[in-house]
Amino acid sequence: MTLSIETPALLFSATSLILLAYTNRFLTIATIVRSLKKNYDEKENNSILLEIRNLNLRITLIRYMQMFGVLSLFLSVFAMLLLFVEQQIIGIYLFGLSLFCLLISLAVSFWEISISVDALRLHLSDLVNRKNKKTD
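None of the values given here were measured: they were computed from a predicted structure.

Considerations on the side chain of Ser 72
Next up, step 1: Mapping Ser 72 onto the fold places it in helix α2 (residues 46-84).
Next up, step 2: What Ser 72 contacts, discounting residues up to four positions off in sequence, is Leu 11, Ser 98, Cys 101 and Leu 102.

Section: the packing of aromatic side chains
Next up, step 1: In total, this model carries 1 aromatic pair according to the counting rule given.
Next up, step 2: Seen in terms of ring centroids, Phe 74 and Phe 78 are 6.2 Å apart; in terms of plane orientation they differ by 5 degrees. Their pairing is stacked. With Phe 74 and Phe 78 both in helix α2, this residue pair falls 4 residues apart, about one helical turn.
Next up, step 3: Residue placement shows Arg 63 over the ring face of Tyr 64; its charged tip is 5.4 Å from the ring centre.

Some words on the nonpolar core
Next up, step 1: Residues Ile 29, Leu 36, Leu 55 and Met 65 are the most contacted members of the largest nonpolar core, which totals 13 residues.
Next up, step 2: Of all the secondary structure elements, the ones that give two or more residues to this core are α1 (6-42), α2 and α3 (88-135).
Next up, step 3: Element by element, the count of residues in this core is highest for α2, at 6 residues.
Next up, step 4: One finds Ile 92, Leu 94, Phe 95 and Leu 102 within the second-largest nonpolar core, a separate group that totals 11 residues.

Focus: the side chain of Thr 15
Next up, step 1: Within the secondary structure, Thr 15 is located in helix α1.
Next up, step 2: Apart from the residues within four sequence positions on either side, Thr 15 is in contact with Gly 69, Leu 73 and Leu 102.

Considerations on α1
Next up, step 1: Spanning 37 residues, α1 covers 55 Å between terminal C-alpha atoms, matching the ideal 54 Å at 1.5 Å per step.
Next up, step 2: Ser 13 marks where α1 bends most, by close to 25 degrees.

What about the pattern of salt bridges?
Next up, step 1: Counted by the stated rule, this structure contains 3 salt bridges.
Next up, step 2: The closest approach of N and O atoms between Asp 41 and Lys 37, which form a salt bridge, is 2.8 Å. Of the two residues, Asp 41 and Lys 37 are both situated in helix α1; the distance of 4 residues between them amounts to about one turn of the helix.
Next up, step 3: Asp 41 sits in the exposed class, given a relative accessible area of 53%.
Next up, step 4: Owing to a relative accessible area of 47%, Lys 37 belongs among the partly exposed residues under this scheme.
Next up, step 5: The residue Glu 112 makes a salt bridge to Arg 58 at a minimum N-O spacing of 2.7 Å. Residue Glu 112 is found in helix α3, and its partner Arg 58 is found in helix α2; the two are separated by 54 residues along the sequence. The same class applies to Glu 112 and to Arg 58, which are both buried.

Calculation rules
Residues numbered from 1 in each chain as written. Predicted model: local features only at pLDDT ≥ 70, side-chain atom pairs only at ≥ 80, totals over all residues. Heavy atoms only, no water. Helix = DSSP H or I, 4+ residues; strand = E, 2+ residues; numbered from the N terminus. Contact = heavy atoms within 4.5 Å. Phe/Tyr/Trp six-rings, centres within 6.5 Å; stacked < 30°, edge-to-face > 60°. Lys NZ or Arg CZ within 6 Å of the ring centre and 35° of its normal. Core = buried A, V, L, I, M, F, W, Y, C linked by side-chain atoms within 4.5 Å. Buried < 20%, exposed > 50% of the residue type's maximum accessible area, 1.4 Å probe, protein only. Expected span 1.5 Å × (residues − 1). Bend = angle between axes of the 7 residues up to and from the residue. Salt bridge = Lys/Arg side-chain N within 4 Å of Asp/Glu carboxyl O.

Everything listed here is a matter of coordinates, which is why it stays silent on function.
If you want it as structure tokens, here you go:
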């Protein structure tokens with residue numbers, strides 16, 4: 001099997017866009033955590049503390065998403081370097097490892113999104129419960 005130097009280069013744009021999306025997620029969650037901490041400092045509410053714990057888990061997952069995304073990009077660049085110096089076999093294996101790291105990053109991203117969706121559903125069910133209590 002041969003691998004041209006252009007194949008790993010295809011990951012550049014996709015990986016950089018994914019890393020940008022991960023960073024945006026992180027910044028949004030960091031803003032929410034700061035706001036919730038301020039609210040918690042003003043009035044100690046157990047539900048706010050639970051939300052902060054949930055967001056802390058999501059921040060940890062985003063860190064792993066970013067780490068494996070950057071590792072994927074690094075390995076892809078290293079594979080290109082090896083292909084450039086005509087080290088086909090090692091370059092192919094490193095590119096395969098790069099794809100595996102990208103797959104891990106995407107899987108962790110899916111996990112983080114699932115946690116986010118569950119948290120939003122919990123908020124919505126709380127609103128529905130309040131509305132039902134008011135109509136009774």
